[in-house]
Amino acid sequence: VVNEFVDFKGYKVLAKHMENSSMDNIITIGDELKTKFNDYVIMLTGGQAGEVPVVIFVGGKALEQNKAGDLVREAAKVLGGGGGGRPNMANGKGRNLDKLAEAQEVFKGLIK
């Protein structure tokens, strides 16, 4: 998964779906991934249709203009849910897995 990060607006960015993974699993994965780079914005989703956990991590210089709580709120809204949290890590849930690509685009579009 580390190879899937892209350079975007000066940060390392990843939007990745981990099929059937629980909220706890994607948090554990995100905690490991965030140690790989200094300035990052990570969106991980899991689960399946009906219950789609979403976790966003923001660190380093990316925290100056991006707050995980704001990003997860908007991404989860696209998935038919909601969320919130701290500036550096936030989570939520959605229901509509078929809107995943749209939620990932919204996430990327909000990165400043």
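Each residue is numbered by its place in its chain's sequence as written, counting from 1. Totals for whole chains, interfaces and linings use every residue, but because this is a predicted model, local features are given only for residues with pLDDT of at least 70 and side-chain atom pairs only at 80 or more, for both listing and counting. Excluded from the side-chain calculation are hydrogens and water; included are all heavy atoms of the structure.

Draft legend 1. Expanded view of the overall build of the protein chain. The helix count covers DSSP runs of H or I at least four residues long, the strand count covers runs of E at least two residues long, and both are numbered beginning at the N terminus. Secondary structure summary: the protein chain contains 3 helices and 6 strands in total. Sequence-ordered secondary structure for the protein chain, helices as α and strands as β, is β-β-α-β-β-α-β-β-α. For the radius of gyration, the atoms used are the C-alpha atoms, and the globule rule reads 2.2 Å times the number of residues raised to 0.38. The C-alpha radius of gyration computed for the protein chain amounts to 12 Å, which stays within 12% of the reference 13 Å derived for 112 residues, consistent with globular compactness. By its C-alpha atoms, the protein chain is 35 × 20 × 20 Å across when sized along the principal axes. Taking all 112 residues of the protein chain together, the buried fraction comes to 41%. Within the protein chain, contacts between residues at least 6 apart in sequence are counted, and of these 56% link residues at least 24 apart. To be clear on the numbers: accessible area is Shrake-Rupley with a 1.4 Å probe, and residue cover counts the displayed protein chains and nothing else. Per element, the accessible surface of the protein chain, about 5,600 Å² overall, is 46% carbon and sulfur. All tallies of charge rest on Lys and Arg as positive and Asp and Glu as negative; His and the ends of each chain are not included. Working definition for charges: the position is that of NZ of Lys, CZ of Arg, CG of Asp or CD of Glu. Taken together, the 15 basic and 14 acidic charged side chains of the protein chain have centroids lying 4 Å from each other. Exposed residues in this analysis have more than 50% of their type's maximum accessible area, buried residues have under 20%, and partly exposed residues fall in between, with area computed by a 1.4 Å probe over protein chains only. Any two residues having at least one pair of non-hydrogen atoms within 4.5 Å are treated as being in contact.

Draft legend 2. Summary view of the side chain of Asn66. With respect to the element layout, Asn66 can be found in the loop between β4 (52–59) and α2 (68–78). Overall, the relative accessible area of 1% leaves Asn66 in the buried class. A distance of 3.0 Å separates a polar side-chain atom of Asn66 from the backbone oxygen of Ala62. As used in this structure description, the phrase polar contact means that two N or O atoms lie within 3.5 Å; if the pair is within protein, one of them must be able to donate a hydrogen and the other to accept it, and residues adjacent in sequence are counted only when both atoms belong to side chains. At 2.8 Å, the side chain of Asn66 forms a polar contact with the backbone nitrogen of Lys112. Sequence-distant contacts of Asn66, defined by excluding residues within four places in its chain, comprise Tyr11, Val58, Leu71, Pro87, Leu110, Ile111 and Lys112.

Draft legend 3. Looking closely at the sheet that holds β4. What makes two strands pair is DSSP finding at least two bridges between them. Spatial ordering of the open sheet is given by β1-β2-β3-β4-β6-β5, a layout of 6 strands whose pairing is mixed. Only two strands of the sheet have a single neighbouring strand rather than two, namely β1 (6–8) and β5 (82–85). Pairwise comparison of adjacent strand axes, ignoring direction, gives a mean angle of 20 degrees for this sheet. Strand direction decides the pairing type here: strand β3 (residues 40–45) and β4, joined by 6 bridges, are antiparallel. Counted as the bridge partner of Tyr40 is Gly59 from β4. The convention used is that axes are lines fitted to C-alpha atoms, helices contributing only their stretch in contact, and that angles between N-to-C directions extend from 0 to 180 degrees. Strand contacts of helix α3 (residues 100–110): β1, β2 (11–17), β3 and β4, with the helix running at about 165 degrees to β2, the strand carrying the most contacts.

Draft legend 4. Quick look at the pattern of salt bridges. Salt bridge criterion: a side-chain nitrogen from Lys or Arg within 4 Å of a carboxyl oxygen from Asp or Glu. Summed over the entire model, instances satisfying the criterion amount to 8 salt bridges. Of the charged contacts, one joins Lys34 and Asp31 as a salt bridge, the two residues approaching to 3.3 Å between their closest N and O atoms.

Draft legend 5. Spotlight on the packing of α2 against α3. Their axes nearest at 8 Å, the elements α2 and α3 cross at an angle of 155 degrees. Put simply, α2 runs roughly antiparallel to α3. Where α2 crosses over α3, the two elements pack in a sense that is right-handed. The residues of α3 that touch α2, namely those facing Leu71, Glu74, Ala75 and Val78, are Glu102, Ala103, Val106, Phe107 and Leu110. Should an angle fall under 35 degrees it is taken as roughly parallel, and over 145 as roughly antiparallel, whereas 65 to 115 is taken as roughly perpendicular and any remaining angle as oblique. Crossings are sorted by hand: turned counterclockwise from the far helix by less than a right angle, the near helix makes the crossing left-handed, and turned clockwise it makes it right-handed.

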